[in-house]
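For reference, the chains in residue letters:
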Amino acid sequence: MTVHGNDERSPVGRAVGSTAGRSAIVVAVFVVALWGIEVVDVVAGNALDQWGIHPRDGADAVRGIALAPLLHGGWEHLAANSVPALILGFLGLIAGAGRFLLATAIIWLVSGVGVWVTGGSNTVVIGLSGVLFGWMTYLAVRGLFTRKPLDIIVGVTLMVLYGGMLWGVLPGQPGVSWQAHLWGAVGGLIAAALLGRRARGKSGPGNSREVGAIAS
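Residues numbered from 1 in each chain as written. Predicted model: local features only at pLDDT ≥ 70, side-chain atom pairs only at ≥ 80, totals over all residues. Heavy atoms only, no water.

**Q** Please clarify how helix α2 (residues 19-43) should be interpreted in this entry.
**A** Each turn of an α-helix holds 3.6 residues, which means side chains three or four residues apart point in the same direction. With 25 residues, α2 extends 36 Å from end C-alpha to end C-alpha; this agrees with the ideal 36 Å at 1.5 Å per step. Taken residue by residue, α2 has G21, S23, V27, V31, L34, E38 and D41 as its buried positions. In the segment just after α2, G45 is the residue with positive phi, at about 70 degrees. (Helix = DSSP H or I, 4+ residues; strand = E, 2+ residues; numbered from the N terminus. Expected span 1.5 Å × (residues − 1). Buried < 20%, exposed > 50% of the residue type's maximum accessible area, 1.4 Å probe, protein only.)

Below, the structure written as structure tokens:
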């Protein structure tokens, strides 16, 4: 006979130890890191902004693609991206951190390469918005490929609440890289198709069910 002991942790400890708690901590640390980077950038006289993507300039293409989403053009730009990052990042992580991190890598790469190829000449593109559009698209359409009810519900809810942001993939506001938004969304769609079908295959007959966890 197995006797299950009582969980003597405090309510706070249990919350932090849960998948939701760990997901919230990870995405909060990421956003705090973005603010820390912006502090360094301001102290350096905005010199870090030049590490963004310079379209069709091959000299520092890899560096730009890797670092552009971590850089922002001031506090207002960063603040505008922080709340969506917290919400979308949490929703992605809580459903399966390993899968979401892989989706983020796909989105990061597709958005960055797309901007490098199609971005405006003599510009420097920075900001997390391309990744955010990718996260939004990934979470919105993932259920079409996984066929999981919860993924479908999350997708429909996001489209109702935030679907209007997807108009940002079209040319519009001066100074805003619609190319980053467009290619981020394309990356999100690719990630949803690739990873969603893979997840559906793993949860099929004869396979163990995958449980989302921050350590996955």
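Next, the rest of the story.
**Q** Which parts of the structure should I look at to understand the packing of aromatic side chains?
**A** Two descriptors summarise a pair of aromatic rings, namely the distance from one centre to the other and the angle between the planes of the rings. One pass over the structure, following the stated rule, counts three aromatic pairs. Between W35 and W75 the ring centres are 5.5 Å apart and the planes differ by 20 degrees, which places this aromatic pair in the stacked class. Pair noted here: W35 is in helix α2 and W75 is in helix α4 (residues 75-94), with a separation of 40 residues, a long-range link. The exposure class of W35 is partly exposed, given its relative accessible area of 32%. Judged by centre distance (6.3 Å) and plane angle (45 degrees), the rings of F100 and Y138 are tilted. Separated by 38 residues along the polypeptide, F100 in helix α5 (residues 97-118) and Y138 in helix α6 (residues 129-146) bring together distant segments of the chain. With respect to burial, F100 and Y138 carry one shared label: buried. In this structure an aromatic cluster arises from ring pairing among F100, W135 and Y138. (Phe/Tyr/Trp six-rings, centres within 6.5 Å; stacked < 30°, edge-to-face > 60°.)

**Q** I tried to follow α4 on my own but got confused; where do I start?
**A** For α4, with 20 residues, the first-to-last C-alpha span of 28 Å sits near the 28 Å given by 1.5 Å per residue. Roughly 25 degrees is the biggest bend found in α4, and it falls at A85. Every buried residue of α4 is listed here: L78, N81, S82, A85, L88, G89, G92 and L93. Next to the buried residues of α4 lie α2, α5, α6 and α7 (149-162). In the stretch just after α4, G96 is the one whose phi turns positive, near 145 degrees. (Bend = angle between axes of the 7 residues up to and from the residue. Contact = heavy atoms within 4.5 Å.)

**Q** Could you clarify how one ought to interpret a nonpolar patch on the surface in this entry?
**A** A contiguous nonpolar patch, built from V83, L86, I87, I152, V156, V160, L161 and Y162 and spanning about 700 Å² of accessible area, is present on the exposed surface. Of the residues forming the nonpolar patch, the biggest block, five residues, is contributed by α7. Locating I152 in the fold gives a position in helix α7. (Patch = residues over 30% accessible without salt bridge, like charges linked within 9 Å, V, L, I, M, F, W, Y side chains within 5 Å. Areas by Shrake-Rupley, 256 points an atom, 1.4 Å probe, with all protein chains shown as cover. Salt bridge = Lys/Arg side-chain N within 4 Å of Asp/Glu carboxyl O.)

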